[in-house]
Amino acid sequence: MQICNHSIDKYQSKLVALGQKDELTDIANRRFFMSSIKQLAQKEQSNYFILTLDLDHFKKLNDQYGHAVGDQALINVANTINTIIPNGSLLARLGGEEFAILLYSDTRDHAIAISNNIRVAIAEHSITTSKGEKVNCTTSIGISPLTLDFSASMQLSDKALYQAKEKGRNCVVFLNNIPVQAENNEYKN
Ligand SMILES: Nc1nc2c(ncn2[C@@H]2O[C@H](COP(=O)(O)OP(=O)(O)OP(=O)(O)O)[C@@H](O)[C@H]2O)c(=O)[nH]1
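As the structure is a prediction and not an experimental result, all values here were calculated from the model. (Residues numbered from 1 in each chain as written. Predicted model: local features only at pLDDT ≥ 70, side-chain atom pairs only at ≥ 80, totals over all residues. Heavy atoms only, no water.)

*Asks:* Would you mind going over the site of the ligand with me for this structure?
*Replies:* The ligand sits among 16 residues. The nearest are Phe58, Asn62, Asp71, Arg93 and Arg169. Within the backbone of histidine 67, a nitrogen or oxygen atom sits 3.1 Å from a nitrogen atom of the ligand. Here an oxygen atom of the ligand sits 2.8 Å away from a polar atom, N or O, in the side chain of arginine 169. Considering the ligand on its own, with 670 Å² of exposed area, one finds that the protein chains cover 66% of that surface. Of all elements in the fold, only strand S2 (48–55), helix H2 (58–65) and helix H3 (67–84) reach the threshold of two or more residues within the shell around the ligand. Broken down by element, the residue count for the shell around the ligand peaks at four residues, all from H3. Taken together, the residues of the shell around the ligand break down into three nonpolar, five polar and eight charged. (Near = heavy atom within 4 Å. Polar contact = N/O pair within 3.5 Å; in protein donor to acceptor, adjacent residues only side chain to side chain. Areas by Shrake-Rupley, 256 points an atom, 1.4 Å probe, with all protein chains shown as cover. Helix = DSSP H or I, 4+ residues; strand = E, 2+ residues; numbered from the N terminus. Nonpolar A, V, L, I, M, F, W, Y, C, P; charged D, E, K, R; others polar.)

Put into structure tokens, the structure is as follows:
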């Protein structure tokens, strides 16, 4: 599949071929995401950012409310993110409770603001179990710019996610490819 600005559709409607979709959430899977960022990085990197998201303490949620509620939480997270990300972005489930977004944004600050909107929306969105219990979950988010070396960009975003977990979860950490401390920012309400 050819990727360009206009062919990345946030509604995932083009992911019809087998092996490109995550069955539970109906969004792109890891394979499609990785091939998309690889193709895009070869053509154009500016205005794209890689976000990696990992739900916080998801094991606890599964243990407390059951796997079916956990599945519903994953579906809700995918739906919530899809209402926020701008056209030209791509959302994927990498596996388990980990998601990734190829985010189209004009500026770094706007990309960080969108990441924070996603974080807040997920935290505020609750699901109701069959017993009437309200269940909420939060997410940690790592963000880095897409560069020609898409694999290094992905690693940097993962590193930022790891730092977000270390900083107490439910926060966004931005890491630039320039190893300057002042360029690295943490954002939390
Ligand atoms: N319901 C459901 N749970 C899943 C799925 N895939 C993975 N999980 C669960 O996600 C949980 C991930 O747990 P951990 O890797 O320990 O992470 P965590 O509890 O979220 O903790 P932190 O990431 O450190 O905040 C495990 O309990 C997995 O069983 C899935 O498709 N559905």
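*Asks:* In this structure, what is going on with the pairing of strand S7 (residues 139–145)? I would like to understand it.
*Replies:* If a strand is regular, its side chains alternate between the two faces of the sheet. Across the seven residues that make up S7, a large majority, seven, are buried. Crossover connection from S7 via helix H5 (residues 150–166) to parallel strand S8 (residues 172–174): handedness left-handed. (Buried < 20%, exposed > 50% of the residue type's maximum accessible area, 1.4 Å probe, protein only. Right-handed = clockwise from strand over helix to strand, strands pointing away.)

*Asks:* Would you mind going over the packing of H2 against H3 with me for this structure?
*Replies:* Packed helix pairs are characterised by how far apart their axes lie and by the angle those axes make with each other. Between H2 and H3, the shortest axis-to-axis distance is 7 Å and the interhelical angle comes to 135 degrees. It follows from the interaxial angle that H2 and H3 lie oblique. For the pair formed by H2 and H3, the contact residues are Phe58, Leu61, Asn62 and Tyr65 on the first element and His67, Val69, Gly70, Ala73 and Leu74 on the second. A breakdown of the residues in the contact of H2 with H3 according to their chemical character gives six nonpolar, three polar and no charged. (Axes fitted to C-alpha atoms, helices over the stretch in contact; angles between N-to-C directions. Parallel < 35°, antiparallel > 145°, perpendicular 65-115°, else oblique. Contact = heavy atoms within 4.5 Å.)

*Asks:* Help me understand the pattern of salt bridges in this model?
*Replies:* Applying the stated criterion to the full structure yields six salt bridges. Measuring nitrogen to oxygen at the nearest pair gives 2.8 Å for the salt bridge that ties aspartate 54 to lysine 165. Of the two residues, aspartate 54 sits in strand S2 while lysine 165 sits in helix H5, which places them 111 residues apart along the sequence. The pair formed by aspartate 54 and lysine 165 is uniform in burial state, with each residue classed as buried. The shortest N-O distance in the salt bridge between aspartate 56 and lysine 165 comes to 2.9 Å. One end of the pair, aspartate 56, is in the loop between S2 and H2; the other, lysine 165, is in helix H5, with 109 residues separating them in the sequence. Lysine 165 gets classed as buried once you look at its relative accessible area, which sits at 17%. Shared partners join several salt bridges into a network, and the residues in it are Asp54, Asp56 and Lys165. (Salt bridge = Lys/Arg side-chain N within 4 Å of Asp/Glu carboxyl O.)

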